[in-house]
Amino acid sequence: AGEARSQGPASGSGKLRAPALLQVEIMRIRMAVMGLMALLAVSLPLEGQGRPTRVRAQQDLAFGELLAGVPTTVLPTDGLNAGQIRIWGRRNAEILVSFFMPGGLDGPGGALVPLSFGPGSAGYSASRTIGDQIAFDPSVPAVLRLPQNGQGMIYLGGTATPPASVNAGSYDGTISLTISYLGN
């Protein structure tokens, strides 16, 4: 079974992109782990009990149709819209997962769509099933335990709050992720 505990500050590197089209179009945060493997090479031993440590964003965090001035929340239990990050690593290992979450997405002409993440915005599943999660706050580092097979899944939600007047167009932000073994 997996477990989650809060711990210390966040650091690292990954990419978050959101082509955001307001009112009749879709806002999506693309979670990619570009540069993450280079970071892992520095912060993690890449071999654990004969298996490499890997992290892969399997699904983007998608807010769907946004209306100016109307907040939209995606829960980590939303199988169609929650971001999904898969982790492979050492069997039964305790890991520290630290995200740096952006305060907003930058858009055309200096426009900003604020984002918020808090308690319950993320969930961890040692069984890799969306209905079997331990909730945690992605803005606070969490201690997680990989199961016997060494695989786990993080599900990520959040809230986008477009201002009452905002430019339509593409919006970009950056999310940073660090994963490190805690030695047990």
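A quick note: this is a predicted structure, and the numbers were derived from the prediction, not measured.

## Regarding the overall build of the protein
Then, in step 1: Counting its regular elements, the protein contains 1 helix and 19 strands.
Then, in step 2: The proportion of buried residues among the 184 residues of the protein is 48%.
Then, in step 3: Taking the intrachain contacts of the protein between residues at least 6 apart in sequence as the baseline, contacts between residues at least 24 apart amount to 75%.
Then, in step 4: Taken as a whole, the protein presents about 8100 Å² of accessible surface, with 54% of it coming from carbon and sulfur.

## A few points about the pairing of strand β16 (residues 151-156)
Then, in step 1: Summarising burial for β16: 6 of the 6 residues are buried, a large majority.
Then, in step 2: Here β16 shows two buried faces, one formed by Gln151, Met153 and Tyr155 and the other by Gly152, Ile154 and Leu156.
Then, in step 3: Bridge count for strand β9 (residues 83-88) against β16 is 6 bridges, and the pairing is antiparallel. Each residue of the ladder has a partner; that of isoleucine 85, found in β16, is isoleucine 154.

## Points about the nonpolar core
Then, in step 1: Grouped together as the largest cluster of nonpolar side chains are 34 residues, with contacts concentrated most on Ile95, Val97, Phe99 and Ile154.
Then, in step 2: Listing elements by their share of this core, those giving two or more residues are β7 (61-65), β9, β10 (94-100), β12 (112-116), β13 (122-125), β15 (142-145), β16 and β19 (176-181).

## Notes on the side chain of glutamate 94
Then, in step 1: Topologically, glutamate 94 is positioned in strand β10.
Then, in step 2: Judged by its relative accessible area of 8%, glutamate 94 is buried.
Then, in step 3: Side-chain polar atoms of glutamate 94 contact the side chain of arginine 145, separated by 3.4 Å.

## A few points about the environment of leucine 80
Then, in step 1: If you trace the backbone, leucine 80 turns up in the loop between β8 (72-74) and β9.
Then, in step 2: Residues leucine 80 and glycine 64 lie 16 residues apart in sequence; the distance between their C-alpha atoms is 10.0 Å.

## Looking at the confidence of the model for the protein
Then, in step 1: Per-residue confidence for the protein averages 74 on the pLDDT scale, and 70% of its residues sit at or above 70.
Then, in step 2: Segment residues 1-49: pLDDT under 50, and 170 contacts once partners within four positions in sequence are set aside and those in other chains are kept.

## As for the pattern of salt bridges
Then, in step 1: Applying the stated criterion across every chain yields a total of 1 salt bridge.
Then, in step 2: Put simply, glutamate 94 and arginine 145 hold a salt bridge, and the shortest N to O gap is 3.4 Å. Pair noted here: glutamate 94 is in strand β10 and arginine 145 is in strand β15, with a separation of 51 residues, a long-range link.

## Concerning the pairing of β12
Then, in step 1: Of the two faces of β12, only the one carrying Val113 and Leu115 is buried; Leu112, Pro114 and Ser116 on the other face are not.
Then, in step 2: Where strand β11 (residues 104-106) and β12 come together, 3 bridges link them in antiparallel fashion. In the sheet register, aspartate 106 faces β12, and the bridge partner there is leucine 112.
Then, in step 3: In terms of strand pairing, β12 meets strand β17 (residues 158-160) through 2 bridges, oriented antiparallel. The partner of serine 116 across the bridge, within β17, is threonine 159.

Calculation rules
Residues numbered from 1 in each chain as written. Predicted model: local features only at pLDDT ≥ 70, side-chain atom pairs only at ≥ 80, totals over all residues. Heavy atoms only, no water. Helix = DSSP H or I, 4+ residues; strand = E, 2+ residues; numbered from the N terminus. Buried < 20%, exposed > 50% of the residue type's maximum accessible area, 1.4 Å probe, protein only. Contact = heavy atoms within 4.5 Å. Areas by Shrake-Rupley, 256 points an atom, 1.4 Å probe, with all protein chains shown as cover. Pairing = 2+ DSSP bridges. Core = buried A, V, L, I, M, F, W, Y, C linked by side-chain atoms within 4.5 Å. Polar contact = N/O pair within 3.5 Å; in protein donor to acceptor, adjacent residues only side chain to side chain. pLDDT = per-residue confidence, 0-100. Salt bridge = Lys/Arg side-chain N within 4 Å of Asp/Glu carboxyl O.

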